[in-house]
Amino acid sequence: MAFDIDMIKKVYANIPGRVDKARELVGRPLTLAEKILYSHLWDGMPEKVYARGRDYVDFAPDRVACQDATAQMALLQFMHAGKPTVAVPTTVHCDHLIQAKVGAEADLKRANQTSNEVFDFLESVSNKYGIGFWKPGAGIIHQVVLENYAFPGGMMIGTDSHTVNAGGLGMVAIGVGGADAVDVMAGMAWELKFPKLIGVRLTGKLSGWTAPKDVILKVADILTVKGGTGAIIEYFGEGATSMSCTGKGTICNMGAEVGATTSTFGYDDSMDRYLRATGRADVADEARKIAPYLTADPEAYANPEAYFDQLIEIDLSTLEPHLNGPFTPDLATPISKMREAARENDWPLRVEYGLIGSCTNSSYEDISRAASLAKQVADKKLKTKANFTITPGSEQVRYTIERDGFIDTFNHIGATVFANACGPCIGMWDRYGDNASTGPRNTIVHSFNRNFAKRADGNPNTLAFVGSPELVTAIAIAGRLDFNPITDTLINEDGEEVKLDEPRGYELPPEGFAVEDAGYVAPKEDGSSVEVKVAPDSERLQLLDPFEPIRPESLLGMRLLIKAYGKCTTDHISMAGPWLRFRGHLDNIANNTLIGAVNAFNKKTNFVKNQLTGEYGGVPDTQRAYKKAGIRTLVVGDHNYGEGSSREHAAMQPRHLGVAAVLVKSFARIHETNLKKQGMLALTFAREEDYDLIREDDTFNFLDIDSFAPDRPLTIEVVHSDGSKDTIMANHSYNDTQIQWFREGSALNLIKKENA
Ligand code: SF4
């Protein structure tokens, strides 16, 4: 079963009536995002119009997708919910645990040996609870979802922040933590603050070296890494409809990099073509029947200022190829300015690696355009200067591009084809062996989405720049970061000056997609007899114990664990790379808690003061010492704390170790929800300047936690070591249910209580 047409028919049967009612309620034409949100309400049409950015709303998503690293914890939690099967179609995808080293075949074989226990666990839980299982090597979750499950007008959630990729097929697809996924898999409503709406009008048409990736690199430049927080980005205009469906997927994918709740595009012919090309003509036929309901009402796009909270305009005809980076995906440099920017910033010009593929950019279109450049290496007697790698997004893409000769073309330029998996995109790249942390300063370019320090290869000295696959390929051929293929020439083996021709490719394979074994394993009809085994001495998997509620009296005399300085992403809180192997074992993975966060008092990572001894040590060890002494702690952070991935480990680990509260200038949405779900306090400074009041030896008293209530700030007394005190106010966004999660110890505890 690749997809469930009956489920889609049911969703489509409801959409027109619900959208018409919503239009009546709102009293004006609707955007696409509003149509999808209002047609997926859990409780039917409300009495009043929801306030964007304020009202919490219960939704009924159509699907759930989980990747192997987050699925372990999600499924461990689901096993506690007491349900015989999942309530909505759900899939698990094995993609994060495959380390890229020498090439697809050997790497996959090794992963199947080293992570066998985890894959077996995921497969048996999937089999037991009616979950579709995509085995290792089948592909990356978001590419597989786009090829098989995404459908226009649908709503899905996934335990990965780039779930948003499915917006390329007109969905509202949102990355969540495992605990949210568990709610939906258990047949409960899924709650989200009704998002704000950002409109992006795309005029003109892409051509030459500019690709869909450049649209989102430009949007990241405009919005920055937090500019999309709490909002759905809706793209429209002639530039949107003239673009391929997979190009739209790339744009939506990297909406995660601007913090957007999700991104989406209205249904159009490119989606129709993609659905038919991927074997889903019946979905395309059904979508056509209700096409006007799968895009915004015309008035909303004609007069967008009146419908969106923010409007961005981009002219694709004048958009330049960009490279974003290093260390943050919103530092955008148009390729024509790269020479100057590199000189000013002393970025190493020599490019060591060009890496294409990943869930962001491994469509047939991407690969065929990149291959058209690789082909010119031989044709123009050039030599590729940088190392070059490809990580295909799915077995279907890999099989098709091999059949069509592109892999061969890449092989001729010395490329390494990694497994259809995340690999270098998530730090699962054995570039340096055990010496990554001392690797030299160097530059790489890739077509992935994130470029935080250490993200790809674990080396803090690697400067990673994000670009389109075609630009990455051209730069790899030239071996220079400042190579501008639009204007620059290269010297070939005969000493002649040659210029690369513009990339050319195919939106979809002219011969159609093909695959022998896509890698899907259907679950048993009745999985009740399936036994799920977890060895008690396993270092990879650990059955969960429910969290104890945080007692109000323990919020007096709390200590500061760390005051994080600057960027603190989920990678800083719960590092990926080699730690991925412990994603199913809470106590073991807790040993990486906050080891990447910079201590504001000494600017070092993993070096904080233990107030009980006065000595400095690693964050996890220090926190374990507080836990042993029965002392709760507080983490303080800067803006957009928890940016990046949806991994709930970043909330569960501090919770497991005894952190009670996280107090920051602002949160990334998913992480804030994850903290709430795990029964912790996720708080923001009412006055941002109060961040500066926090000292290394402080203790904290929560004075009014007993009257914790929606829209009511909490009062925290900060006691400094010299006896002086400050009183600070902490805002929060908890509603009544979320306060219940806190009081019960976690959202899961509440589900269990309600199911009992
Ligand atoms: Fe995998 Fe990277 Fe895509 Fe995440 S962003 S799903 S790590 S390829």
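Calculation criteria
- In this convention, every chain numbers its residues from 1, walking through the sequence in written order.
- Restriction of local features to residues with pLDDT of at least 70 applies here, the model being predicted, together with a cutoff of 80 or more for giving and counting side-chain atom pairs; totals for whole chains, interfaces and linings are based on all residues.
- The side-chain numbers reported here are obtained from all heavy atoms of the structure, hydrogens and water having been left aside.
- Strands here mean DSSP runs of E at least two residues long; helices mean DSSP runs of H or I at least four residues long; both are numbered from the N terminus.
- Contacts are residue-level and defined by heavy atoms, with any inter-residue pair within 4.5 Å sufficient.
- Each accessible area is a Shrake-Rupley result for a 1.4 Å probe, and residues are judged covered by the shown protein chains and nothing else.
- Counted as positive: Lys and Arg. Counted as negative: Asp and Glu, with His and the chain ends omitted from the count.
- Here the site of a charge means atom NZ of a Lys, CZ of an Arg, CG of an Asp or CD of a Glu.
- Here an axis means a line fitted to C-alpha atoms, over the contact stretch when the element is a helix, while the angle between two N-to-C directions is reported on a 0 to 180 degree scale.
- Here roughly perpendicular refers to angles of 65 to 115 degrees, roughly parallel to angles under 35, roughly antiparallel to angles over 145, and oblique to all remaining angles.
- For a crossing to be left-handed, the near helix must be turned anticlockwise from the far one by less than a right angle; the clockwise case is right-handed.
- Strands pair, by our definition, only if DSSP identifies at least two bridges between them.
- Start and end positions for the domains come from either an automated domain assignment or a database one.
- Buried area, as used here, totals the accessible surface that two parts lose on assembly, with accessibility defined by a 1.4 Å probe and the loss added over both.
- The rule for a salt bridge is simple: a side-chain nitrogen of Lys or Arg has to be within 4 Å of a carboxyl oxygen of Asp or Glu.
- Three exposure classes are used, based on accessible area relative to the maximum for each residue type with a 1.4 Å probe and protein chains only: buried under 20%, partly exposed in between, and exposed over 50%.
- A single heavy atom is enough: if one lies within 4 Å of a molecule or strand, its residue is considered near that molecule or strand.
- When residues are grouped by polarity, Ala, Val, Leu, Ile, Met, Phe, Trp, Tyr, Cys and Pro land in nonpolar, Asp, Glu, Lys and Arg in charged, and all others, Gly among them, in polar.
- The definition of a polar contact used here is a pair of N or O atoms within 3.5 Å, where within protein one atom must be able to donate a hydrogen and the other to accept one, and adjacent residues in sequence count solely through side-chain atom pairs.
- By this rule the span expected of a helix is its residue count minus one, scaled by 1.5 Å.
- UniProt positions are given in the numbering used here, feature names are shortened, and annotations may be inferred rather than shown by experiment.
- Patch membership requires over 30% relative accessible area and the absence of a salt bridge. Like charges are linked within 9 Å, and nonpolar side chains (Val, Leu, Ile, Met, Phe, Trp, Tyr) within 5 Å.
- Whether two aromatic rings pair depends on their centres lying within 6.5 Å, for rings of Phe, Tyr and Trp, where Trp uses its six-membered ring; planes under 30 degrees apart make the pair stacked, over 60 edge-to-face, and the rest tilted.
- Two conditions define a charge located above a ring, namely a distance within 6 Å from the ring centre to NZ of Lys or CZ of Arg, and an angle within 35 degrees of the ring normal.

Q: How would you summarise the overall build of the chain if you had to cite specific residues and measurements?
A: The secondary structure content of the chain amounts to 25 helices and 30 strands. Long-range contacts, defined here as pairs at least 24 residues apart, represent 75% of the contacts in the chain between residues at least 6 apart. Counting every atom, the chain has about 26,200 Å² of accessible surface; 47% of that belongs to carbon and sulfur. Counting 79 positive and 100 negative side-chain charges, the chain places the centres of these two groups 2 Å from one another.

Q: Account for the packing of helix α8 (residues 212-223) against helix α10 (residues 245-253), with residues named and values stated.
A: Across the interface, α8 lies against α10 with an axial gap of 8 Å and an inter-helix angle of 25°. The orientation of α8 with respect to α10, classified from their angle, is roughly parallel. As α8 runs across α10, the sense of the crossing is right-handed. Note on element contacts: α10 touches α8 through Gly247, Thr250 and Ile251, opposite Pro212, Lys213, Val215 and Ile216.

Q: Any details on the sheet that holds strand β9 (residues 231-236)? Residues and values, ideally.
A: Overall, parallel pairing links the four strands, which are arranged β10-β9-β8-β11 in an open sheet. Single-partner strands in this sheet number two, and they are β10 (262-265) and β11 (310-315). Pairs of neighbouring strands in the sheet enclose a mean axial angle of 20°, with direction left out of account. Across the sheet, α8 lies against β8 (196-203), β9 and β11, angled at about 135° from β11, the strand it touches most. Seen against the sheet, α10 touches β9 and β10 and runs at an angle of roughly 160° to β10.

Q: So, the domain arrangement of the chain: which residues are in play, and what are the values?
A: Annotation of the chain at the domain level lists domain 1 (322-498) and domain 2 (552-755). The gap between the C-alpha centroids of domain 1 and domain 2 is 38 Å. Tallying the contact residues gives nine residues for domain 1 and 11 residues for domain 2. When the two sides are added together, the surface that domain 1 and domain 2 hide from each other amounts to roughly 680 Å², 61% of it contributed by carbon and sulfur. By the criterion of area lost to domain 2, the three top residues of domain 1 are Ile426, Arg450 and Phe452, representing 58% of everything that side buries. For the pair domain 1 and domain 2, the number of links is one salt bridge.

Q: Can you tell me about the pairing of β10, naming the residues and giving the values?
A: Covered by surrounding structure in β10 are Thr262 and Thr264 together with Ser263 and Phe265, the residues of both alternating faces. For β9 and β10, the ladder comprises four bridges, and the chain directions are parallel. Across the sheet, Ile232 pairs through a bridge with Thr262, a residue of β10.

Q: An account of the site of the ligand is requested, with residue identities and associated values reported.
A: Every residue lining the ligand is accounted for by His96, Ile140, His142, His162, Ser358, Cys359, Cys422, Cys425, Ile426, Asn449 and Arg455. Across the shell around the ligand, the residue classes break down as five nonpolar, five polar and one charged.

Q: Summarise the side chain of Thr622; cite the residues concerned and give the values.
A: Note on placement: Thr622 falls in helix α21 (residues 619-628). Overall, Thr622 belongs to the buried group, its relative accessible area being 4%. Only 2.6 Å separates the side chain of Thr622 from the backbone oxygen of Gly618, close enough to count as a polar contact. Residues in contact with Thr622, not counting those within four places in the same chain, are Leu561, Val608, Lys609, Asn610 and Gly617.

Q: Tell me about helix α5 (residues 116-129), residues and numbers included.
A: Taking 1.5 Å per residue as the helical rise, α5 with its 14 residues ought to reach 20 Å, and the 20 Å between its terminal C-alpha atoms agrees with that figure. Of all the positions in α5, only Val118, Phe119, Phe121, Leu122, Ser124, Val125, Ser126, Lys128 and Tyr129 are classed as buried. Of the surrounding secondary structure, the elements contacted by the buried residues of α5 are α3 (68-78), β3 (90-93), α4 (104-114) and β4 (132-134). Trailing α5 by a residue or two, Gly130 shows a phi angle of about 75°, which is positive.

Q: So what's going on with the UniProt feature "domain: Aconitase A/isopropylmalate dehydratase small subunit swivel" (unreviewed entry) in the chain? Residues and values would help.
A: Cross-referencing UniProt, the feature "domain: Aconitase A/isopropylmalate dehydratase small subunit swivel" (unreviewed entry) maps to residues 558-687 in the present numbering. Helix makes up 28% of residues 558-687 and strand makes up 20%, while its end C-alpha atoms are separated by 21 Å.

Q: Can you tell me about the side chain of Asn484, naming the residues and giving the values?
A: Its place among the elements puts Asn484 in the loop between α18 (469-478) and β19 (490-491). Setting aside anything within four residues of it in sequence, one finds Asn484 in contact with Ile335, Ser336 and Arg339.

Q: Describe a negative patch on the surface, naming the residues involved and giving the relevant values.
A: Taken together, the side chains of Glu117, Asp120, Glu123 and Asp537 make up a negatively charged region of the molecular surface. You can see Glu117 is positioned in helix α5.

Q: Can you break down the packing of aromatic side chains residue by residue, with the values?
A: Within this structure, the stated rule accounts for 22 aromatic pairs. Taken together, a centroid distance of 6.4 Å and an interplanar angle of 85° make the contact between Tyr364 and Phe513 edge-to-face. Placement of the pair is Tyr364 in helix α15 (residues 364-379) and Phe513 in the loop between β20 (497-498) and β21 (520-521), with a sequence separation of 149 residues. Take Phe513: its relative accessible area is 18%, and that puts it in the buried class. Clustering of aromatic rings is evident, with ring pairs tying together Tyr38, Tyr50 and Phe194. Over the ring of Tyr129 we find Lys128, and its NZ or CZ is 6.0 Å from the ring centre. One residue, Lys665, lies across the ring of Tyr691, its end atom 4.4 Å from the ring centre.

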